[in-house]
Amino acid sequence: MNTPSNRLAYKPLRHIKERIIEAGLFLAAFMSVATTFAIVAILVYESIPLFKVVSLWTFLTDTQWTPLFDDAHYGIMPLVAGTMVTTAVALAVAIPMGTIIAIYLSEFASHKVRESIKPVLELLGAVPTVVYGYFALIFVTPLLQKLMPELSGFNMLSAGLVMGIMIVPYVSSVSEDAMRAVPMHIREGSYAMGSTRFQTATRVVVPGAFSGIAAAYILGISRAVGETMIVAVAAGMQPNFTLNPLEPAATISSYIVQVALGDLPHGSIGYQTIFAAGLTLMLMTLVFNVIGYWLSRKFREVY
Amino acid sequence: MTEKETILKAEARDLSFYYGQAKALKNISLPLYDKKVTALIGPSGCGKSTFLRCFNRMHDLYPNNHYEGEIVLHPDNVNVLSDKVDPIEVRMRISMVFQKPNPFPKSIYENVAYGLRVRGINKKSILDEKVEEALTNAALWNEAKDRLQDLAFNLSGGQQQRLCIARALAIDPEIMLFDEPTSALDPIATASIEELMDELKSRFSILIVTHNMQQAARVSDYTAFLYLGELIEYNETKKIFTNPDRKETEDYITGRFG
């Protein structure tokens with residue numbers, strides 16, 4: 001008898017169930033990828049009418065952005081500059097603060113302190129951004145004006161500073177996770193050589209966690225580049241081509257809000273500019289994410 | 001074992017150690033001689049590593065631990081467990097090699113130079129000289145000299161462990177602690193580490209924890225058998241392995257328990 005006995009026979013039902021589960025899981029993963037591609041496709045598709053009127057070269061080199069005026073200019077650079085300046089100010093706050101907090105929590109704080117500080121810190125990230133925006137406008141700006149009387153009521157400095165505070169928990173919690181992932185025996189090796197806590201933190205733990213810390217910085221940059229409400233409320237929504245953080249300016253995202261809230265006729269050039277701006281924003285964050293991915297691959301530490 | 005003059009380097013006196021409330025070491029007294037290898041053997045959880053880690057005060061890194069008794073370092077005649085002693089100063093004189101190779105995420109060169117840099121020595125000529133000397137003494141120089149700037153993780157397991165030994169050697173320690181240094185290595189790498197230990201003992205005192213009885217017999221001059229946090233027997237290695245005084249020691253060595 002060469003046929004398998006009944007108890008070893010192939011059970012089709014089991015394999016059908018397995019297939020259904022697999023298909024369900026694939027669908028869930030596919031949805032998110034498909035959504036991303038759909039967004040990109042729509043942004044590109046809707047931008048095309050604009051680029052029929054305005055050449056890509058003009059779009060990238062014109063230094064004025066006035067699509068809604070009679071004398072319309074379509075240079076994205078003022079918005080890019082505004083985005084870059086507010087992001088730079090935010091990072092100047094978030095990266096040092098976030099890193100220092102992460103080092104403290106991971107290497108110095110006792111278990112008890114860490115467990116009580118972390119939830120409070122994460123609360124910072126849970127505050128609605130519009131609240132931050134008004135906080136920047138009616139608290140931080142007047143405060144800065146006491147130091148710099150000629151500072152205008154809307155400015156990128158105050159928006160950027162507050163945005164930096166908002167990003168701190170993102171930077172610190174991801175960096176801290178990366179530092180805590182450095183195995184204890186590596187730290188012990190450092191202590192056994194006679195190093196202090198601070199030497200161990202800066203010379204062994206931070207380099208060991210560098211890929212994760214870089215990922216945290218990139219996450220922070222992406223948050224800052226895409227942040228909308230704070231800059232829309234506190235930075236003034238005026239497309240100025242300037243790199244001076246004391247001046248008001250619009251960022252890409254705040255322009256989109258501004259225009260999307262107005263009553264532009266569907267299909268007009270002004271309406272299409274939103275998509276071109278959105279596409280630019282998306283490409284910027286894509287570049288940062290790619291850099292972040294590359295950094296974390298390059299500096300990945302294998303223990 | 002020739003009874004050449006043996007100089008006392010350190011001694012545990014009535015040493016007890018507590019993890020929180022749990023008493024992990026019970027009143028251990030044990031001498032450590034200069035230029036000799038002392039091996040600690042015993043079943044898992046008997047307190048060998050705990051005892052070893054008292055010597056460089058590694059337990060200070062974790063909360064709620066405390067020591068009772070003394071570990072006296074000679075010739076200073078100072079109790080290194082005292083509150084008046086800076087554990088960092090202790091670790092600068094008593095270096096340690098761990099169970100699992102734990103190189104830092106740095107180049108081979110920087111790994112060896114680490115202990116010197118921590119001490120504020122940054123002059124390149126001194127570092128170059130010390131790094132070469134340490135790598136040579138750890139029998140790694142020939143393999144590593146052309147790739148000093150490579151990441152240490154690119155070395156094999158055995159090479160990484162020799163790198164960790166070089167790192168510990170670079171600071172000219174007075175005592176070197178080995179916590180099961182070959183348990184993560186293959187037999188060939190193990191042999192080279194054992195050979196190395198034999199050369200190194202002419203320079204300082206060595207305390208080694210090992211699970212491997214043959215290793216203890218091969219490398220050590222003195223052996224201590226620990227069981228459940230107590231020192232059961234301490235004597236010259238030859239005596240322990242051929243004619244132990246205590247029944248428990250004999251049972252453990254012959255594999256009747258453990």
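What counts and how
- Residues numbered from 1 in each chain as written.
- Chains lettered and ligands numbered in written order.
- Predicted model: local features only at pLDDT ≥ 70, side-chain atom pairs only at ≥ 80, totals over all residues.
- Heavy atoms only, no water.
- Helix = DSSP H or I, 4+ residues; strand = E, 2+ residues; numbered from the N terminus.
- Rg over C-alpha atoms; globule rule 2.2 N^0.38 Å.
- Buried < 20%, exposed > 50% of the residue type's maximum accessible area, 1.4 Å probe, protein only.
- Contact = heavy atoms within 4.5 Å.
- Areas by Shrake-Rupley, 256 points an atom, 1.4 Å probe, with all protein chains shown as cover.
- Lys, Arg positive; Asp, Glu negative; His and termini not counted.
- Charge placed at Lys NZ, Arg CZ, Asp CG, Glu CD.
- Core = buried A, V, L, I, M, F, W, Y, C linked by side-chain atoms within 4.5 Å.
- Expected span 1.5 Å × (residues − 1).
- Pairing = 2+ DSSP bridges.
- pLDDT = per-residue confidence, 0-100.
- Axes fitted to C-alpha atoms, helices over the stretch in contact; angles between N-to-C directions.
- Parallel < 35°, antiparallel > 145°, perpendicular 65-115°, else oblique.
- Left-handed = near helix turned anticlockwise from the far one by under 90°.
- Nonpolar A, V, L, I, M, F, W, Y, C, P; charged D, E, K, R; others polar.
- Buried area = accessible area lost by both parts, 1.4 Å probe.
- Salt bridge = Lys/Arg side-chain N within 4 Å of Asp/Glu carboxyl O.
- Polar contact = N/O pair within 3.5 Å; in protein donor to acceptor, adjacent residues only side chain to side chain.

Asks: Hey, could you go over the overall build of chain B for me, with residue numbers and the actual values?
Replies: Check the secondary structure of chain B and you find 10 helices and 10 strands. Relative to the 2.2 N^0.38 estimate, which gives 18 Å for 258 residues, the radius of gyration of chain B is 18 Å and therefore close to what a compact globule would have. Considered along the principal axes of its C-alpha atoms, chain B spans approximately 55 × 40 × 35 Å. Counting across all 258 residues of chain B, residues that qualify as buried make up 56%. Expressed as a percentage of contacts within chain B between residues at least 6 apart in sequence, the contacts between residues at least 24 apart total 68%. Carbon and sulfur atoms provide 48% of the accessible area of chain B, an area that totals close to 11100 Å². Across chain B, the mean location of the 32 positive side-chain charges is 2 Å away from that of the 37 negative side-chain charges.

Asks: Tell me about the nonpolar core, and please be specific about residues and values.
Replies: Residue and element names in this part refer to chain B. In this structure, Val112, Leu135, Leu163, Ile165, Leu169, Met176 and Phe178 are the most contacted members of the largest nonpolar core, which totals 45 residues. With near-sequence residues (within four places) excluded, Ile165 lies in contact with Val97, Ala138, Met176, Phe178, Ile193, Leu196 and Leu200. Core analysis: the next-biggest nonpolar cluster, separate from the first, contains 35 residues, Phe51, Leu61, Val80 and Val85 among them.

Asks: Before we move on, can you summarise helix H6 (residues 157-169) of chain B with the specific residues and values?
Replies: Residues and elements named next belong to chain B. Here H6 contains 13 residues, and its C-alpha end-to-end distance of 18 Å stays within 8% of the 18 Å for a straight helix at 1.5 Å per residue. For H6, the tally of buried residues reaches 12 of 13 residues, placing the bulk of the element in the interior. Among all positions in H6, only Gly158, Gln159, Gln160, Gln161, Arg162, Leu163, Cys164, Ile165, Ala166, Arg167, Ala168 and Leu169 are buried.

Asks: I'd like a description of the pairing of strand E9 (residues 222-227) of chain B, backed by residues and values.
Replies: All names here are of chain B. For E9, a buried count of 5 out of 6 residues is recorded, marking the element as mostly surrounded by other parts of the structure. As paired strands, strand E3 (residues 37-41) and E9 are joined by 4 bridges and run parallel to one another. Looking at E9, one finds that Thr38 is bridged to Tyr222. Strand direction decides the pairing type here: E9 and strand E10 (residues 230-236), joined by 6 bridges, are antiparallel. By the bridge assignment, Tyr227 is partnered in E10 with Glu230. Hairpin connection from E9 to E10: 2 residues lie between these consecutive antiparallel strands, with Leu228 at a positive phi of about 50°.

Asks: Hey, could you go over the confidence of the model for chain A for me, with residue numbers and the actual values?
Replies: Averaged over all residues, the pLDDT of chain A is 89; the fraction at 70 or higher stands at 97%. Mean pLDDT values over the elements of chain A span from 86, in helix H11 (residues 252-261) of chain A, up to 95, in helix H3 (residues 77-108) of chain A.

Asks: Explain the packing of helix H8 (residues 197-208) of chain A against helix H3 (residues 108-118) of chain B to me, and be specific about the residues and the numbers.
Replies: Interhelical geometry of H8(A) versus H3(B) gives an angle of 150° and a closest axis separation of 12 Å. If you check the angle between H8(A) and H3(B), you find them roughly antiparallel. Relative to H3(B), the crossing made by H8(A) is right-handed. Note on element contacts: H3(B) touches H8(A) through Tyr114(B), Arg117(B) and Val118(B), opposite Gln199(A), Thr200(A), Arg203(A) and Val204(A). Class assignment of the residues belonging to the contact of H8(A) with H3(B) gives a composition of 3 nonpolar, 2 polar and 2 charged.

Asks: Can you tell me about unusual backbone geometry, naming the residues and giving the values?
Replies: All names here are of chain B. Following His74, the chain continues to Pro75 via a peptide bond in cis, the omega torsion being 5°. Within the secondary structure layout, Pro75 lies in the loop between strand E4 (65-73) and strand E5 (78-79). In this structure, Asp172 is a non-glycine residue whose phi angle is positive, near 50°. Locating Asp172 in the fold gives a position in the loop between H6 and strand E7 (175-179). A relative accessible area of 43% means that Asp172 is categorised as partly exposed. For Glu180, which is not glycine, the phi dihedral falls at a positive 45°. Since its relative accessible area comes to 8%, Glu180 is described here as buried.

Asks: An account of the interface of chain B and chain A is requested, with residue identities and associated values reported.
Replies: Taken residue by residue, the interface counts 28 residues in chain B and 22 residues in chain A. A combined buried area of about 2000 Å² lies between chain B and chain A, and 63% of that area is made up of carbon and sulfur atoms. There are 1 salt bridge connecting chain B and chain A. For Arg53(B), the salt bridge goes to Glu188(A), with nearest N and O atoms at 2.6 Å. Between the two partners, chain B and chain A, sit 8 residue pairs in polar contact (both at pLDDT 80 or more). Where the side of chain B that touches chain A is concerned, the elements lending two or more residues are helix H2 (87-93), strand E6 (94-97), H3 and H6 of chain B. Of the residues forming the side of chain B that touches chain A, the biggest block, 4 residues, is contributed by H3(B). Considered class by class, the residues forming the side of chain B that touches chain A number 18 nonpolar, 3 polar and 7 charged.

Asks: I'd love a proper account of the pattern of salt bridges, names of residues and values included.
Replies: For the structure on display, the rule yields 21 salt bridges over all chains. For Lys35(B), the salt bridge identified is with Asp34(B), shortest N-O distance 4.0 Å. The partner of Asp172(B) in a salt bridge is Lys130(B), and the shortest N-O contact between them spans 2.7 Å. Residue Asp172(B) is located in the loop between H6 and E7, and its partner Lys130(B) is located in helix H4 (residues 124-137); the two are separated by 42 residues in the primary sequence. In this structure, a network of salt bridges that share partners links the residues Lys118(A), Glu176(A) and Arg180(A).

Asks: Which residues make up the sheet that holds strand E2 (residues 22-33) of chain B, and what values do they have?
Replies: Residue and element names in this part refer to chain B. Here we have 4 strands laid out as an open sheet, ordered E2-E1-E4-E5, and antiparallel in their pairing. The open sheet terminates on both sides in strands that have one partner only, identified here as E2 and E5. Summarising the sheet, strand E1 (residues 8-19) and E2 pair through 8 bridges and their orientation is antiparallel. In the sheet register, Glu11 faces E2, and the bridge partner there is Pro31.

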